[in-house]
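Okay, here's what each chain looks like letter by letter:
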Amino acid sequence: MPNTKSRMQAVQSPIIPVVGELIKNSPGTISLGQGVVAYSPPTEVVESLPKFLAEPTNNLYQAVEGIPPLLTALAEKLQAFNKIKINHNNCIVVTAGSNMGFMNAILAITSPGDEIILNTPYYFNHEMAINIAGCRAILVATDENYQLRPEAIAQAITAKTRAIVTVSPNNPTGVVYSENALRQVNQICSNYGIYHISDEAYEYFTYNGAHHVSPGAFAGSNEYTISLYSLSKAYGFASWRIGYMVIPQNLLVAVKKVQDTIVICPPVISQYAALGALQAKAEYLQENIGAIAQVRKIVLDSLKQIQDICTLTPAEGAFYFFLKIHTQIDSLELVKRLIREHQVAVIPGGTFGMEHGCYLRVAYGALSPQTAQKGITRLVQGLQAITSLA
């Protein structure tokens, strides 16, 4: 038999399929686990598909960086919403989801053994991608409210550091980083000649007046800022696999090498769908995110009932809460018991780099108000029951 040992043994297993299998074995479980939305894509997505089918050449490979009409539409969106202007110093690359954008970026800017700074708790696929690339994730803890600590980030930089990663609005905590903190990180990257990788997949999901800021809009930042975006969340078509990245122009050749090797070009039919999504009326996002905000209130009100057994950190973005449970039980074991004994699923904090203490990520974007109320009631009762016996 061939030797099956490889670099992948050092990469953690994706947690979503693991929890999915546990749910499968416990019929009737309500999932507060996976980060998706419940609503469907706008009608403009479906209406765009005949345009794809009407052109026979669309069945052939298209440009590695994306079809021109979509690149134009994305440039307009970036200018209007993110205040990022596309010019000769930067460019857009359409990707098969923003996870691919992150992988593109890591492979384009690193060599094996290099270091990437992640703020904990981190998004697990980022840590996985860094390991796959043969690089090392350097972990810097956020503060008690999961906000960035720029001074600690700066102290973690070494000669091998190639980038600092920020995710705002954040997965898994739901916090929105302040403009001041993001400016400080951006300035650190400028000072040290490293990249700022800004993951903004949840850019539209903010509540109670919280404001999303794109570091790529800061003056002079387009030479060292890599911005990642996704259409999966906001437009309700995660399986279509379309995202995009804004990169410094000098990285385009390297990114195209990676993308051409892995996927050649993003699915063209999905690019047409993205074109349609970007033409949706403003009410589409306003109404759907407004509905999620109502579910968020249901979840938040219920979680406030158990602040004696968990720490609930304020979070005004994405569709997550990240709980610190006051127990000695391992987070994965707690998740298994919640599914098995109380038919409610969440994601264990260990997969986000929180190895000390018991943390749980609660996702509420995929639930109707009725299901959310039922699911969060099960979670509250389950945590009360399990921790009282611990």
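It should be noted that the structure appears before, not after, this text.
Residues numbered from 1 in each chain as written. Predicted model: local features only at pLDDT ≥ 70, side-chain atom pairs only at ≥ 80, totals over all residues. Heavy atoms only, no water.

> What exactly am I supposed to notice about the nonpolar core here?
In a soluble, globular protein the nonpolar side chains are often hidden away together inside. Judged by nonpolar contacts, the single largest core of 135 residues is most densely connected at I197, F205, I226 and L379. When residues of this core are assigned to their parent elements, the largest contribution, eight residues, is made by helix α10 (residues 282-303). (Core = buried A, V, L, I, M, F, W, Y, C linked by side-chain atoms within 4.5 Å. Buried < 20%, exposed > 50% of the residue type's maximum accessible area, 1.4 Å probe, protein only. Helix = DSSP H or I, 4+ residues; strand = E, 2+ residues; numbered from the N terminus.)

> When you look at the sheet that holds strand β10 (residues 320-325) in this model, what are you seeing that I'm missing?
The strands making up a sheet associate through hydrogen bonds between their backbones, and the pairing can be parallel or antiparallel. In space, the four strands of this open sheet follow the order β9-β10-β13-β12, with antiparallel pairing throughout. Lying at the two open borders of the sheet, with one neighbouring strand each, are β9 (310-312) and β12 (347-348). With six bridges connecting them, β10 and strand β13 (residues 358-363) associate as antiparallel partners. Opposite F321, over in β13, you have V362 as the bridge partner. Taken strand by strand, helix α11 (residues 331-342) contacts β10, β12 and β13, and its axis lies near 50° from that of β13. (Pairing = 2+ DSSP bridges. Contact = heavy atoms within 4.5 Å. Axes fitted to C-alpha atoms, helices over the stretch in contact; angles between N-to-C directions.)

> Hey, could you run me through the state of the cysteines in this one?
For the coordinates displayed, the defined rule picks out zero disulfides. Left unpaired, C135 is separated from the closest cysteine sulfur, that of C189, by 16 Å. (Disulfide = S-S within 2.5 Å.)

> Teacher, can you tell me more about the packing of α10 against helix α12 (residues 369-389) here?
Helix packing geometry: the angle between the two helix axes and the distance between the axes. Interaxial distance between α10 and α12 falls to 9 Å at its minimum, and their mutual angle equals 20°. When the axis of α10 is compared with that of α12, the two are roughly parallel. As for the relative orientation of α10 and α12, their crossing is right-handed in sense. Residues V295, I298, V299, S302 and L303 of α10 touch α12, and the partners they reach there are P369, A372, Q373, I376, L379 and V380. Taken together, the residues of the contact of α10 with α12 break down into nine nonpolar, two polar and no charged. (Parallel < 35°, antiparallel > 145°, perpendicular 65-115°, else oblique. Left-handed = near helix turned anticlockwise from the far one by under 90°. Nonpolar A, V, L, I, M, F, W, Y, C, P; charged D, E, K, R; others polar.)

> Whenever I open this one, α12 confuses me. Can you help?
Residues spaced three or four apart along an α-helix face the same direction, because each turn holds 3.6 residues. With 21 residues, α12 extends 30 Å between its outermost C-alpha atoms, agreeing within 8% with the 30 Å of an ideal straight helix rising 1.5 Å per residue. Along α12, the positions that sit buried rather than exposed are A372, G375, I376, R378, L379, V380, G382, L383, I386 and T387. Buried positions along α12 lie against β1 (30-31), α10, β10, α11, β11 (344-345) and β13. (Expected span 1.5 Å × (residues − 1).)

> Any chance you could explain the side chain of T120 here in plain terms?
Within the secondary structure layout, T120 lies in strand β3 (residues 115-120). Overall, T120 belongs to the buried group, its relative accessible area being 9%. In this view, T120 contacts L139, V140, A141, T142 and M354; residues no more than four positions away in its chain are not counted.

> What's the story with the sheet that holds strand β5 (residues 161-167) in this structure? I'm lost.
Reading across the sheet, the seven strands line up as β2-β8-β7-β6-β5-β3-β4 and stay open at both edges, with mixed pairing between neighbours. Among the strands making up the open sheet, the edge pair consists of β2 (90-95) and β4 (136-141). Sheet twist, expressed as the mean angle between neighbouring strand axes with direction ignored, is 20°. Two elements, strand β6 (residues 195-199) and strand β7 (residues 225-230), share four bridges in a ladder whose sense is parallel. In the strand pairing of β7, D199 is matched with L228.

> I keep staring at the pattern of salt bridges and nothing clicks. Help me out?
Opposite charge on two side chains permits them to pair, given that their charged atoms come into close proximity. Inspection of the entire model under this criterion finds nine salt bridges. Close ionic contact of R136 with E115 constitutes a salt bridge, the shortest N to O distance being 3.6 Å. In this pair, R136 sits in strand β4 while E115 sits in strand β3, placing the two residues 21 residues apart along the sequence. The class for E115 is buried, based on a relative accessible area of 7%. Of the charged contacts in the structure, one is a salt bridge between E341 and R337, with a shortest N-O distance of 3.0 Å. Here R337 and E341 lie together in helix α11, a separation of four residues that amounts to about one turn. On the basis of relative accessible area, E341 is assigned to the partly exposed category, the value being 39%. One connected set of salt bridges, linked through shared partners, spans R337, R340 and E341. (Salt bridge = Lys/Arg side-chain N within 4 Å of Asp/Glu carboxyl O.)

> Quick question: what am I supposed to make of the layout of surface pockets here?
A probe matching the size of a water molecule, rolled over the atoms, marks out where space remains unfilled. Looking at the largest pocket, its volume works out to about 570 Å³. K77, A80, F81, Y204 and L285 are, among the 26 residues lining the largest pocket, the residues nearest its centre. Looking at the lining of the largest pocket, the elements that each hand over two or more residues are α3 (68-82), α7 (179-192), α9 (268-278) and α10. In terms of residue count, α10 provides more of the lining of the largest pocket than any other element does, five residues in total. For the second largest pocket, the calculated volume is near 450 Å³. Residues of the lining of the second largest pocket, tallied by class, amount to nine nonpolar, ten polar and four charged. (1 Å grid on protein atoms, 1.4 Å probe; cavity = no way out; pocket = protein on both sides within 12 Å on 5 of 7 lines; lining within 4 Å. Points joined across faces, edges and corners; volume = space filled by probe spheres on them.)

> Just checking my understanding: could you explain the packing of aromatic side chains for this structure?
Two measures describe an aromatic ring pair: the distance that separates the ring centres and the angle between the ring planes. What the rule picks out here adds up to 18 aromatic pairs. Judged by centre distance (6.4 Å) and plane angle (65°), the rings of Y202 and F205 are edge-to-face. Residue F205 is classed as buried on the basis of its relative accessible area of 0%. Put simply, the rings of Y123, F124, Y146, F322, F352 and Y359 touch in pairs and so form one group of aromatic residues. When the ring centre of Y229 is taken as origin, the NZ or CZ atom of K77, which lies over that ring, is 4.5 Å away. Positioned over the ring face of F218 is R183, at 4.1 Å from the centre of the ring. (Phe/Tyr/Trp six-rings, centres within 6.5 Å; stacked < 30°, edge-to-face > 60°. Lys NZ or Arg CZ within 6 Å of the ring centre and 35° of its normal.)

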